[in-house]
Amino acid sequence: MNTSLSPTVPLGSPLYEQVKQAVLAALAQGEWKQGDAIPPEKHLAERFGVSIGTLRKAIDELAAENILVRHQGRGTYVAVHTRNHHFFKFFRIVGQDGSKSYPTTELLRFRRVKASAVAREKLELPAGAHVFEFLNVLSLNGDVVMADEVCLPESRFPGLTEAHLRERTSTLYALYQDLFGVNVIATDERLRTCLAERTQARCLGVAEGSALLEIRRIAFSYNRQPVEWRVSRVNTERYEYLGQEPWEAGT
């Protein structure tokens, strides 16, 4: 596979940014998997027709974003995200004292359906595409806190079953990575308030019409490919949403 430098960045962007996007495109196409070593810098510089310095600047940015990992004397590898780092990077519900903990999850519904207009828009799917939809309820410290409605494109998760979700031993994003080679590296989240509808009220054990926090998330893999559309409703009576932590600024 020979990924060119046809830019997906604005005209006039630095050359290293075009190299970075070309590497991301190769990752998105599956040329290198999680844990794989990428080719030596000299080979990549020749492939893209750039200097070693330009290539290194692109690789440095990808390493800073935890997409690639440098190992001294061994080379550069595609990052495999560990459970703690990956989970708490994207799970932002904490106790009101700031305490973090892993939730327990209960799967309430799983089905394969034609994608709705909203799902097609968020996941950039063609008309007639199918998706997997499922509903999870998450509890923290014995408190039912969140109801997650998740939508995944069948094209990216072929063969996903209810058993995969029920029997998983780690996080959803670890499941995506381990079984389907889909690595979530970024999310776009939008927050608003909402009133609990009947299903949400029943899931969360609150009165219908109660105020909830609603989180709308698109999860992206390499090259900003959308791979998950999720709507979460959170009971914030004892828990809250933690935004960017101080030491994350600038990352």
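As annotated in an unreviewed UniProt entry, the protein carries the name Putative fructoselysine utilization operon transcriptional repressor and comes from Achromobacter animicus.

Along the protein, the regular secondary structure elements total eight helices and ten strands. Looking at the protein as a whole, 47% of its 251 residues are labelled buried. Taking the intrachain contacts of the protein between residues at least 6 apart in sequence as the baseline, contacts between residues at least 24 apart amount to 58%. As presented, the protein carries roughly 13100 Å² of accessible surface, and 49% of it is formed by carbon and sulfur atoms.

One can describe the packing of helix H1 (residues 15–28) onto helix H3 (residues 52–64) by two numbers: an axis separation of 8 Å at closest approach and a directional angle of 60°. With respect to H3, the axis of H1 lies oblique. For the pair H1 and H3, the sense of crossing is right-handed. On the side of H1, the interface is formed by Leu15, Tyr16, Glu17, Val19, Lys20, Val23 and Leu24, while H3 contributes Thr54, Leu55, Lys57, Ala58, Glu61 and Leu62. Looking at the contact of H1 with H3, its residues break down into eight nonpolar, one polar and four charged.

Attention now moves to unusual backbone geometry. Despite not being glycine, asparagine 223 has its phi angle at roughly 60°, a positive value. Among the structural elements, asparagine 223 can be located in the loop between strand S8 (211–220) and strand S9 (226–234). A residue is classified by how much of its surface remains accessible, and asparagine 223, at 28% relative accessible area, is partly exposed. Not every positive phi belongs to a glycine, and arginine 224 is a case in point at roughly 55°. The topology assignment puts arginine 224 in the loop between S8 and S9. For arginine 224, a relative accessible area of 53% translates into the label exposed.

Judged by pairing direction, the sheet is antiparallel, and its six strands sit side by side in the order S4-S5-S6-S9-S8-S7 without closing on themselves. Across the chains shown, the open sheet's two edge strands, defined by having one partner strand only, are strand S4 (104–114) and strand S7 (186–195). Shown here is a sheet whose adjacent strand axes are inclined to one another by a mean of 15°, direction ignored. Where strand S6 (residues 143–153) and S9 come together, six bridges link them in antiparallel fashion. Paired with aspartate 148 across the bridge in S9 is serine 232. Helix-sheet contacts for helix H7 (residues 172–180) involve strand S5 (130–140), S6, S7, S8 and S9, and the interaxial angle to S9 is about 165°.

Once that is clear, we can look at the pattern of salt bridges. On inspection of all chains with the given rule, the structure shows 19 salt bridges. Between arginine 192 and glutamate 214 there is a salt bridge, with its nearest N and O atoms 3.8 Å apart. Of this pair, arginine 192 sits in strand S7 while glutamate 214 sits in strand S8, and the two are 22 residues apart along the sequence. According to the relative accessible area criterion, arginine 192 is partly exposed, its value standing at 44%. Here glutamate 214 falls in the buried class, since its relative accessible area comes to 5%. Between glutamate 214 and arginine 233 there is a salt bridge, and its shortest N-O distance comes to 3.3 Å. Of the two residues, glutamate 214 sits in strand S8 while arginine 233 sits in strand S9, which places them 19 residues apart along the sequence. Take arginine 233: its relative accessible area is 11%, and that puts it in the buried class.

What counts, and where the lines are drawn
- Residues numbered from 1 in each chain as written.
- Predicted model: local features only at pLDDT ≥ 70, side-chain atom pairs only at ≥ 80, totals over all residues.
- Heavy atoms only, no water.
- Helix = DSSP H or I, 4+ residues; strand = E, 2+ residues; numbered from the N terminus.
- Buried < 20%, exposed > 50% of the residue type's maximum accessible area, 1.4 Å probe, protein only.
- Contact = heavy atoms within 4.5 Å.
- Areas by Shrake-Rupley, 256 points an atom, 1.4 Å probe, with all protein chains shown as cover.
- Axes fitted to C-alpha atoms, helices over the stretch in contact; angles between N-to-C directions.
- Parallel < 35°, antiparallel > 145°, perpendicular 65-115°, else oblique.
- Left-handed = near helix turned anticlockwise from the far one by under 90°.
- Nonpolar A, V, L, I, M, F, W, Y, C, P; charged D, E, K, R; others polar.
- Pairing = 2+ DSSP bridges.
- Salt bridge = Lys/Arg side-chain N within 4 Å of Asp/Glu carboxyl O.

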